[in-house]
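So you can see what is in the structure, the chains are spelled out below.
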Amino acid sequence: MTKLFSTEGMDVVQKDLQQVILRGKGDEQFAQTINKEISLLPPSDNLRVVNNDEFIFAKQSFDQWCLISLKEQSHKEILKLVSIINANEEMLASDYSYGQVYFEITGNNKNYYLNKLTHFDFRPKKFPVLTMAQTLVARIDCSIYHLQDKYVISCNSSFEDYLQKYEVATDHLIDDGYLLEGFKPVYMNIAQSMESVFK
């Protein structure tokens, strides 16, 4: 966690969070699988958010949800969660942690300053608590999660940042015996193939 900016009525902190994108039908089986792992039922309405002390869980579209871990977890723990979810043929989970940069914004003047970076309407009538928005902030694709007294913002990072984080995570998994060192060039080629996502 790094405090980036503080001004009258607003604090911006960069956070080390993890994110998993989930796809599925949103049916009872989907809800039970998710609830068993994170103790939250998925929101049923688009752009709605539920949360507890450990996770933010938001519905982004009719078949896609975003899960953000608010407490630091190891890459192995995230991969374990992804594997458990992917054991269900009707669901798909993908770790998006390394393609994003995360910020927590607090303070009474946060809307005033954010309105200078985006055209999104932060008024409570338009952006109530426990909803999310997908918008551009300073011309960068971001998702904004409105919690009780703060915003958590997830923004696309650069491809170079993604590659660097991917390589560090790969090295940790090799060191821990989960991946074979001789295949590191193959793993990095997989990461390299994601470049189009960042354009």
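Keep in mind that this is a model prediction, so the values were computed, not measured. (Residues numbered from 1 in each chain as written. Predicted model: local features only at pLDDT ≥ 70, side-chain atom pairs only at ≥ 80, totals over all residues. Heavy atoms only, no water.)

*Asks:* In this structure, what is going on with the overall build of the protein? I would like to understand it.
*Replies:* A count of helical and extended segments in the protein gives five helices and eleven strands. Principal-axis analysis of the C-alpha atoms gives the protein an extent of 50 × 40 × 30 Å. The buried share among the 199 residues of the protein stands at 42%. In the protein, of all internal contacts separated by at least 6 residues, the share reaching a separation of at least 24 is 53%. Of the charged side chains in the protein, 20 are positive and 27 negative; the average position of the first set lies 8 Å away from that of the second. (Helix = DSSP H or I, 4+ residues; strand = E, 2+ residues; numbered from the N terminus. Buried < 20%, exposed > 50% of the residue type's maximum accessible area, 1.4 Å probe, protein only. Contact = heavy atoms within 4.5 Å. Lys, Arg positive; Asp, Glu negative; His and termini not counted. Charge placed at Lys NZ, Arg CZ, Asp CG, Glu CD.)

*Asks:* Explanation requested: helix H5 (residues 184–192) in the structure shown.
*Replies:* Structural remark: α-helix, 3.6 residues per turn; residues separated by three or four positions point the same way. Of the residues making up H5, those classed as buried are Lys184, Tyr187, Met188 and Ala191. Considered in projection along H5, the buried side chains sweep an arc of 95 degrees and stay on one side of the axis. Exposed side chains of H5 directed beyond 90 degrees from the buried face belong to Pro185 and Asn189. (Arc of directions from axis to C-beta.)

*Asks:* Where do I start with the state of the cysteines in this structure?
*Replies:* Each disulfide consists of a covalent bond between the sulfur atoms of two cysteine residues. Enumeration according to the criterion identifies one disulfide in this entry. For Cys66, which is in no disulfide, the shortest distance to another cysteine sulfur is to Cys155 and amounts to 12 Å. (Disulfide = S-S within 2.5 Å.)

*Asks:* I keep staring at the environment of Ser143 and nothing clicks. Help me out?
*Replies:* Inspection of the secondary structure puts Ser143 in strand S10 (residues 140–146). Under the relative-accessibility criterion, Ser143 is labelled buried at 10%. In this structure, the C-alpha to C-alpha distance between Ser143 and Tyr102, residues 41 residues apart in sequence, is 9.7 Å. Sequence-distant contacts of Ser143, that is, excluding residues within four places in its chain, are made with Gln60, Met132, Ala133, Gln134, Val152, Ile153 and Ser154.

*Asks:* What am I meant to see in the pairing of strand S11 (residues 150–156) here?
*Replies:* Looking along a regular strand, one sees side chains alternate from face to face of the sheet. Across the seven residues of S11, five count as buried, placing the element largely inside the fold. As paired strands, strand S8 (residues 100–106) and S11 are joined by seven bridges and run antiparallel to one another. In the strand pairing of S11, Phe103 is matched with Ile153. Two strands pair when backbone bridges link them, and S10 and S11 are joined in this way by five bridges, in the antiparallel orientation. Within S11, the residue paired with Cys142 across the bridge is Cys155. Hairpin connection, S10 to S11: the antiparallel pair is bridged by three residues. (Pairing = 2+ DSSP bridges.)

The values reported here are purely geometric and, on their own, carry no functional implication.
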